[in-house]
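What follows is each chain in one-letter form.
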Amino acid sequence: MRGIAKQALRPLAAGVSGAGLVLAFAPWEWAALAPICLWAFVALTGGCSARRAFAVGYAFGLGQFGFGVSWVFVSIYEHGNAGLPLAALLTAMLVGFLAFIPALVAAITTVLGRPVPTRRLWVFPAAWVTGEWVRSWIFTGFPWLAIGYTQSDGSLAGYAPVFGVLGIGAVLAGTATALEFIRTTASGRGRGLALAILLGVWTCGAALRAVSWTHPEGPPLAVALVQGNVPQENKWDARRADEILARYAELTQPLLGTSLIVWPEAALPRVYHELAGTYLTQLQVAAAATGSEILLGLLRFDPQRRVYLNSVLLLGLDRQFYDKRHLVPFGEYFPVPDLVRRWMQVLEMPYSDLGAGSPQPDLLRTHGLPLATFICYEVVFGNEVIRDLPAARLLVNVSNDAWFGRSFAPHQHFQIARLRAIETGRDLVRATNTGVTALVDATGRVRARLPSFEVGVLRGEIQPRVGATPYVRWGDLPVLVWMAVTLTLATGLRLRRR
């Protein structure tokens, strides 16, 4: 009876551990919880059948994503104009789907770890990172809450420019299995060896933080970021359009003379062709007269493809456009057949479709400096960010995180963006509608930021940089090769045993 009760408590403990893992991310940033909660995952799935391990892993996933992406409900219900039942259903479906990933990780680790218990300890890190990698591309990708982001301010961030966020995740998962080995082994020598390896790996990460993979090029660039703080419910209200246009123009006027002025994603409440004349021309002329260039977000219509594009416009001596390449499913487009689309129209369900930009666009250039520009969600894909490197000298991320309301999602989003700066060895300019608007250097350090949910401007300087980190050169390839070799070896050993 006691054994049955113990088994029944495992899913509950796993769910609590999964929820606890979220506290390792921003805004709490209790980074030490990441390896501890993964250690709990390893311990709770140990000694289970594959089916039981799957159930325990699924409970962990429900805790992790049920808490960690609860902000999706805010986006769908409060700003997506969906009813309460639909918003709850869609959020539950997303959480339920994402929870399958740690469930499969637990089951695969259990199967490939047999019959030697210690084999689980080196199979688990590869299985966990494989799960996070799969999340980064399946159904266009949702790599949110990859555990490597928890270490953006810690010593393990030194691995980011070498192996990326997946590499940090591998170290954290390996740390969890080492802790479990120390707990379960009877060998004092084995415990000492595991502890020595752990200390060596973490010390190496700290040492790598001191390595400068890129170097400055030319003088710093003066920048100014404009945070309009326009409530999402007012963003596309035609009655508020003139007020919003005037707000951005008035905030920008005192900034003229600054080399680069950056507005957020979709800052302007009208489409490009409606503003291309008087409004944007006046801005462009005023900026050119003072040596400034203005980078701003807006929608524009592509008459050839008959689609709207989520774009960034750079107003300099000429006009340059960047169109968002990686769209958010069910946010910016609906991957459903026409039959379902007509059904949604009959039910008056909210939906819209935007077109995607060219996968290999020309880089925007400000004052001769090539920029790697990313709109909102695009910055969460490290393997896509490096496509514009090493040519780009700076990273620019514009976003409208008002969709997330006052949840913790904007803080998570900012943490992700900061790790992109570390991975690429580039300074980051981040302008948002409601926050987090900030300047970040190539080591991930926040040099300045604005308070969220306030109208404001942020002035500062950023340093253009050249060179390529190992991650820029190789991307996720080294980690993917390690994953493939480890899991293939484990599979071979399992099959040979059978």
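To start, this report covers the structure provided alongside it. Keep in mind that this is a model prediction, so the values were computed, not measured.

**Regarding the overall build of the protein chain**
- Regarding its fold elements, the protein chain presents 18 helices and 14 strands.
- Whereas a compact globule of 498 residues would reach a radius of gyration of roughly 23 Å, the protein chain reaches 24 Å, a difference of no more than 12%.
- Along the longest, intermediate and shortest principal axes, the C-alpha atoms of the protein chain span 75 × 55 × 40 Å.
- The 498 residues of the protein chain split such that 55% are buried.

**What about empty space enclosed by the protein?**
- Considering all chains together, one arrives at four cavities of 30 Å³ or more under this definition.
- Computed from the structure, the largest cavity encloses a volume of approximately 60 Å³.
- Those elements that place two or more of their residues in the lining of the largest cavity are helix H3 (50-68), helix H6 (100-113) and helix H7 (120-135).
- Residue composition of the lining of the largest cavity, grouped by class: five nonpolar, one polar and two charged.

**Describing the packing of H7 against helix H8 (residues 160-184)**
- In the contact formed by H7 and H8, the axes pass within 8 Å of each other and the chain directions differ by 150°. In terms of their interaxial angle, H7 and H8 are classed as roughly antiparallel. Our pair here, H7 against H8, has a crossing hand that is right-handed. Across the interface between the two elements, Leu-121, Phe-124, Pro-125, Trp-128, Val-129, Glu-132 and Trp-133 of H7 pack against Leu-166, Gly-169, Ala-170, Ala-173, Gly-174, Thr-177, Glu-180 and Phe-181 of H8.
- Across the contact of H7 with H8, the residue classes tally to ten nonpolar, three polar and two charged.

**Some details on the layout of surface pockets**
- Volume-wise, the second largest pocket comes out at about 540 Å³.
- For the lining of the second largest pocket, the secondary-structure elements that each account for two or more residues are H8, helix H9 (188-208) and helix H18 (477-497).
- Residues belonging to the lining of the second largest pocket are distributed by class as follows: 14 nonpolar, six polar and no charged.

**Topic: the pattern of salt bridges**
- Summed over the entire model, instances satisfying the criterion amount to 14 salt bridges.
- Between Glu-217 and Arg-393 there is a salt bridge, with the nearest N and O atoms lying 2.7 Å from each other. Placement of Glu-217 in the loop between strand E1 (215-216) and strand E2 (221-227) and of Arg-393 in the loop between helix H15 (382-385) and strand E9 (394-399) is noted, with a sequence separation of 176 residues between them.
- Given a relative accessible area of 32%, Glu-217 falls into the partly exposed group.
- The salt bridge partner of Arg-420 is Glu-423, with a shortest N-O separation of 2.7 Å. You can see Arg-420 and its partner Glu-423 sitting in helix H16 (residues 409-424), three residues apart, about one turn around the helix.
- Here the salt bridges share partners, and the residues they tie into one network are Arg-240, Glu-243 and Arg-247.

Criteria and cut-off values
Residues numbered from 1 in each chain as written. Predicted model: local features only at pLDDT ≥ 70, side-chain atom pairs only at ≥ 80, totals over all residues. Heavy atoms only, no water. Helix = DSSP H or I, 4+ residues; strand = E, 2+ residues; numbered from the N terminus. Rg over C-alpha atoms; globule rule 2.2 N^0.38 Å. Buried < 20%, exposed > 50% of the residue type's maximum accessible area, 1.4 Å probe, protein only. 1 Å grid on protein atoms, 1.4 Å probe; cavity = no way out; pocket = protein on both sides within 12 Å on 5 of 7 lines; lining within 4 Å. Points joined across faces, edges and corners; volume = space filled by probe spheres on them. Nonpolar A, V, L, I, M, F, W, Y, C, P; charged D, E, K, R; others polar. Axes fitted to C-alpha atoms, helices over the stretch in contact; angles between N-to-C directions. Parallel < 35°, antiparallel > 145°, perpendicular 65-115°, else oblique. Left-handed = near helix turned anticlockwise from the far one by under 90°. Contact = heavy atoms within 4.5 Å. Salt bridge = Lys/Arg side-chain N within 4 Å of Asp/Glu carboxyl O.

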